[in-house]
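Chain by chain, the residues:
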Amino acid sequence: MKGIKKYTHKERERVLLEMVPLIKKKFGKNLLAIATRGSFARKTEGPYSDLELFAFLKEMPQGQKKLTYAKMHKICDGLSVELIWITEKTYINEVKEVTGSWFGVGSEKLLAVYKKRFIDKLSKYKVKDVKSKAMYQAFALWPSILFTSSKVLEIANKKDHEKIAFALYHMFENTLNFLAFINQAPYTSSSKKISESKKFKIKPKDFSKLTTLIVNGNFRKYSEIKKLVLSVTQDIKKYLEKAGYEPSEEISSKKCSDKFGMFDKAKRYEQAVATWEKVQESTTKTLNSAEMKNANGMTTVINDMFFQYLKILSYLNAKTLKFSQIITDAKKLKYQPTGFSELIAVIENGKYKSFSKIKKSVIDIFSELENRLEGMGYHLYQDNVDPNKNE
């Protein structure tokens, strides 16, 4: 694999030190501060983790004034490096304030690299009225929770094994996000959602049982699934009612597209290359969970990775897929890289603790897709981390 290699914290630190003068050169007097974020800032990164940085600016550069933020993403020598440039005001509004994505970004930790006083001040920013803002976002998730739970119950009634795993995971993911809001405790990372949710004071009485069922991959226990999903959903409804909200039990009649993946056959290979950043990012998270033998983390990250692989395979197969029958469609793809059928089996049967098998399958799939796209002449990687050079 050219696109993914193991790095230590010290090795990432050397890349960071190489980037600092280049970032200063790019933004000049417009630059206020530089900080790292994510697992590097927390010093909790795994061997395959990326390096993420913020450059805080007085104002967005010419040609980018209307953008919320801008970024550079490069994969150089197996390390994914992302630099986001943003103003202080926008950072506060997008990261600190309670928005719909706060469950995943609200706990962001910044580690100062340049102008520590600025970063320390920004880190101490306190959001006002967190409780009411978080409750508003929690209530906004109710339609998604109701819809996904109804789909799980429908599939469980039919004992449709090919559909139950992905449907149940999406209902569970909505529930995890809901719990972060009502506990006013955003997650530190996607791989820690389950372990951190276990510590929440407010949660449905059967949430722990549902979590255990999903992590253990007991997807053929249809009666148990129905019982737990109904219990969790009803407890969420009761909580919202007690908080003064009126959650409807009517599922929205608004139709959402069931299709995803290829949307322009003539540009399908370009679409595949454009997806590669997400493929690489989700693959590193899955490999980290496998390396650390983290079943809780694997449950969340492998499902996202599988979806990214399906998107890229839909392009390479020139075939549009359906959310409602994602496993069925995946099995029917004409071109499947080595290890993909094994990955499907892991997802379908919830074998999240098969760490060695998962790691081998993922490396095989990633390597074959990488070779295929590069063999076609596409440029997936860069030979520098200089934000002044666009490749």
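This structure is a prediction, so every number in the text was calculated from the model and none was measured.

1. Points about the sheet that holds strand β5 (residues 111–114)
Line of reasoning, step 1. A sheet is described by the order of its strands in space; here five strands give the open sequence β3-β4-β2-β1-β5, paired in mixed fashion. Single-partner strands in this sheet number two, and they are β3 (70–76) and β5. Each neighbouring strand pair of the sheet contributes to a mean axis angle of 25°, computed without reference to strand direction.
Line of reasoning, step 2. Relative to strand β2 (residues 51–57), strand β1 (residues 31–37) runs antiparallel, the two being bridged by six bridges. Counterpart to A33 in the pairing with β2 is F56.
Line of reasoning, step 3. Where helix α1 (residues 9–27) meets the sheet, it contacts β1, β2, β3, β4 (79–87) and β5, and its direction lies at approximately 25° from that of β2.
Line of reasoning, step 4. Along the sheet, helix α3 (residues 88–96) contacts β2 and β4; its crossing angle with β4, the most-contacted strand, is approximately 110°.

2. Considerations on empty space enclosed by the protein
Remark: the empty space left among the atoms is shown by a probe the size of a water molecule rolled over them.
Line of reasoning, step 1. One pass over the structure, following the stated rule, counts one cavity of 30 Å³ or more.
Line of reasoning, step 2. The calculated volume of the largest cavity comes to roughly 30 Å³.
Line of reasoning, step 3. As for the largest cavity, its lining consists of I4, K5, Y48, S49, G78, L79, S80, Q280 and T284.
Line of reasoning, step 4. Looking at the lining of the largest cavity, the elements that each hand over two or more residues are β4 and α12 (268–291).
Line of reasoning, step 5. Tallied by class, residues from the lining of the largest cavity come to three nonpolar, five polar and one charged.

3. Re the packing of aromatic side chains
Line of reasoning, step 1. Tallied over the entire structure, the rule returns 16 aromatic pairs.
Line of reasoning, step 2. Taken together, a centroid distance of 4.8 Å and an interplanar angle of 35° make the contact between W276 and F366 tilted. Within this pair, whereas W276 is found in helix α12, its partner F366 is found in helix α16 (residues 355–375), the two being separated by 90 residues in sequence. Each member of the pair, W276 together with F366, is buried.
Line of reasoning, step 3. Both rings, one in F307 and one in F323, keep their centres 5.9 Å apart while their planes meet at 20°; by these two values the pair is stacked.

4. So, the packing of helix α13 (residues 295–316) against α16
Line of reasoning, step 1. Taken N-terminus to C-terminus, the directions of α13 and α16 make an angle of 25°; their axes are 12 Å apart at the nearest point. Relative to α16, α13 is oriented roughly parallel. For the pair α13 and α16, the crossing hand works out as left-handed. In this structure, α13 uses A295, M298, I302, M305, Y309, I312, L313 and L316 to contact α16, whose residues at the interface are F355, I358, V362, I365, F366, L369, R372 and L373.
Line of reasoning, step 2. Classifying every residue of the contact of α13 with α16 gives 15 nonpolar, no polar and one charged.

5. Side note on the layout of surface pockets
Line of reasoning, step 1. Approximately 1,100 Å³ is the volume attributed to the second largest pocket.
Line of reasoning, step 2. Along its surface, the second largest pocket is lined by 34 residues, and F147, T148, K151, D258 and F323 are the ones closest to its centre.
Line of reasoning, step 3. Mapped by element, the contributors of at least two residues to the lining of the second largest pocket are α7 (142–158), α8 (161–182) and α14 (326–332).
Line of reasoning, step 4. With ten residues, the single largest contributor to the lining of the second largest pocket is α7.
Line of reasoning, step 5. Looking at the lining of the second largest pocket residue by residue, the class counts come to 14 nonpolar, nine polar and eleven charged.

6. Examining the nonpolar core
Line of reasoning, step 1. With 86 residues, the main nonpolar core has W276, F306, Y309 and F340 as its most contacted residues.
Line of reasoning, step 2. Counting residues per element, this core draws most heavily on α8, which supplies 13 residues.
Line of reasoning, step 3. Apart from residues no more than four positions distant in its own chain, F340 is found in contact with F306, Y309, L310, L313, A330, L333 and I365.
Line of reasoning, step 4. One finds V15, I23, I34 and M72 within the second-largest nonpolar core, a separate group that totals 23 residues.

7. Topic: the pairing of β4
Line of reasoning, step 1. Burial of β4 is extensive: nine of the nine residues sit out of reach of the surface.
Line of reasoning, step 2. Alternating residues of β4 divide into L79, V81, L83, W85 and T87 and S80, E82, I84 and I86, and every residue in both groups is buried.
Line of reasoning, step 3. Taken together, the seven bridges between β2 and β4 define a ladder with parallel strand orientation. Bridge assignment links L57 to a residue of β4, and that residue is T87.
Line of reasoning, step 4. Taking the residues that link successive antiparallel strands as the turn, the β3-β4 hairpin has two residues, and the phi of D77 there is positive, at about 50°.

Calculation criteria
- Residues numbered from 1 in each chain as written.
- Predicted model: local features only at pLDDT ≥ 70, side-chain atom pairs only at ≥ 80, totals over all residues.
- Heavy atoms only, no water.
- Pairing = 2+ DSSP bridges.
- Helix = DSSP H or I, 4+ residues; strand = E, 2+ residues; numbered from the N terminus.
- Axes fitted to C-alpha atoms, helices over the stretch in contact; angles between N-to-C directions.
- Contact = heavy atoms within 4.5 Å.
- 1 Å grid on protein atoms, 1.4 Å probe; cavity = no way out; pocket = protein on both sides within 12 Å on 5 of 7 lines; lining within 4 Å.
- Points joined across faces, edges and corners; volume = space filled by probe spheres on them.
- Nonpolar A, V, L, I, M, F, W, Y, C, P; charged D, E, K, R; others polar.
- Phe/Tyr/Trp six-rings, centres within 6.5 Å; stacked < 30°, edge-to-face > 60°.
- Buried < 20%, exposed > 50% of the residue type's maximum accessible area, 1.4 Å probe, protein only.
- Parallel < 35°, antiparallel > 145°, perpendicular 65-115°, else oblique.
- Left-handed = near helix turned anticlockwise from the far one by under 90°.
- Core = buried A, V, L, I, M, F, W, Y, C linked by side-chain atoms within 4.5 Å.

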